[in-house]
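What follows is the residue order along each chain.
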Amino acid sequence: MIHSHATLRTHKEASAAWLFFKRWLANPLSMASITPSAPSLSRLMAEQITRCPDEVVVEFGGGTGAVTRAILEAGVPADKLYSVERDPELAAYLRRHYSGIHVLEGDVADIKSMLPEDVRGKVGTVLVCLPMILIPEEDQRRIVDAIFDIMPPGRAFYSYTYSARSPVKRKALGLKGRRVGFTIANIPPASVWRFVREQG
């Protein structure tokens, strides 16, 4: 039987959605939704990327690769993408389906120790695909501190949320944040926020 590229992609997306749902059932608080991000949200995240040629992009919460795919389609070379995924089953899925990218399995707060030494400080953008709004303030602080520890000064990270408010506690964490995009095509509708450190 001959399968078209569209048919194969549909099968891949269906298996990804099923795996994502199974992992959500196993640990609902660690995942932002019961389904992967829609293409509209994934593209919106990828559009925020800025990096110099020698810089890399880091994705927190690779899941089944919805945003990963958008990052690659936006022109980021596979070897310049580091995707962090704590769930072993999802990490294995990313390795199988997105060859060439660097899949790091572990806690995003430990990103500095997980990255190769020559990459630390050369991260152009961090895209956070985690349910930050559900994460306690002290754990948010650990994650945010880890992000700014691997980027050059003045850079931003981006996070999406299904809430009408900021996904992180801006004032408590010393951040300036603003909504930079919104999509109603995602289920549920989602906003993308940009965050930088307050200059003090």
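Residues numbered from 1 in each chain as written. Predicted model: local features only at pLDDT ≥ 70, side-chain atom pairs only at ≥ 80, totals over all residues. Heavy atoms only, no water.

S.K.: With reference to specific residues and values, describe the overall build of the protein.
M.R.: What the protein contains, in helices and strands, is seven helices and seven strands. The secondary structure elements of the protein, listed N-terminal to C-terminal, are α-α-β-α-β-α-β-α-β-α-β-α-β-β. Per-residue burial for the protein yields a buried fraction of 46% across its 200 residues. For the protein, the proportion of contacts with a sequence separation of at least 24, taken over those separated by at least 6, is 67%. On the protein, roughly 10100 Å² of surface is accessible, and the fraction owed to carbon and sulfur atoms is 55%. (Helix = DSSP H or I, 4+ residues; strand = E, 2+ residues; numbered from the N terminus. Buried < 20%, exposed > 50% of the residue type's maximum accessible area, 1.4 Å probe, protein only. Contact = heavy atoms within 4.5 Å. Areas by Shrake-Rupley, 256 points an atom, 1.4 Å probe, with all protein chains shown as cover.)

S.K.: Describe the packing of aromatic side chains, with residues and values.
M.R.: For the coordinates displayed, the defined rule picks out four aromatic pairs. Relative to Tyr162, the ring of Tyr160 lies with its centre 5.9 Å away and its plane at 50°, an arrangement referred to as tilted. Counting every residue linked through ring pairs, the aromatic cluster contains Phe148, Phe157, Trp193 and Phe195. (Phe/Tyr/Trp six-rings, centres within 6.5 Å; stacked < 30°, edge-to-face > 60°.)

S.K.: I'd like a description of the sheet that holds strand E1 (residues 56-60), backed by residues and values.
M.R.: Taking strand neighbours across the sheet as the criterion, the seven strands line up as E3-E2-E1-E4-E5-E7-E6 in an open arrangement whose pairing is mixed. The outermost strands of the open sheet, each flanked by one partner alone, are strand E3 (102-104) and strand E6 (175-183). Each strand of the sheet is rotated relative to its neighbour by a mean of 20°, with strand direction disregarded. Of the strand pairs in this sheet, strand E2 (residues 81-84) and E3 are connected by three bridges, and their pairing is parallel. Across the sheet, the residue bridging to Val84 is Leu104, located in E3. (Pairing = 2+ DSSP bridges. Axes fitted to C-alpha atoms, helices over the stretch in contact; angles between N-to-C directions.)

S.K.: Go over unusual backbone geometry with me, naming the residues and quoting the values.
M.R.: The linkage connecting Ile187 with the following residue, Pro188, adopts the cis geometry, with an omega of -5°. Along the polypeptide, Pro188 turns up in the loop between E6 and strand E7 (190-197).

S.K.: Summarise the nonpolar core; cite the residues concerned and give the values.
M.R.: If you look at the biggest cluster of nonpolar residues, it comprises 30 residues, and the most contacted ones within it are Val58, Phe60, Ile111, Leu115, Val123, Val126 and Phe157. When residues of this core are traced back to their parent elements, those giving at least two are E1, E2, strand E4 (123-128), helix H6 (137-150) and E7. When residues in this core are grouped by element, the largest group, six residues, is from H6. For Phe60, the contacting residues outside a window of four places in its chain are Val84, Val108, Ile111, Val126, Leu127, Val128, Cys129, Leu130, Ile143 and Ile147. Among the nonpolar cores identified, the runner-up in size contains 24 residues, and Leu44, Leu81, Leu94 and Cys129 belong to it. (Core = buried A, V, L, I, M, F, W, Y, C linked by side-chain atoms within 4.5 Å.)

S.K.: Explain the environment of Gln140 residue by residue, including any values.
M.R.: Looking at where Gln140 falls in the secondary structure, it is placed in helix H6. Along the chain, Gln140 and Pro167 lie 27 residues apart, while their C-alpha atoms are 9.8 Å from each other. When sequence neighbours within four positions are dropped, the list of residues in contact with Gln140 reads Met132, Ile133, Ile135, Pro167, Val168, Lys169 and Leu173. For Gln140, the side chain forms a polar contact with the main-chain oxygen of Ile135, separated by 3.2 Å. (Polar contact = N/O pair within 3.5 Å; in protein donor to acceptor, adjacent residues only side chain to side chain.)

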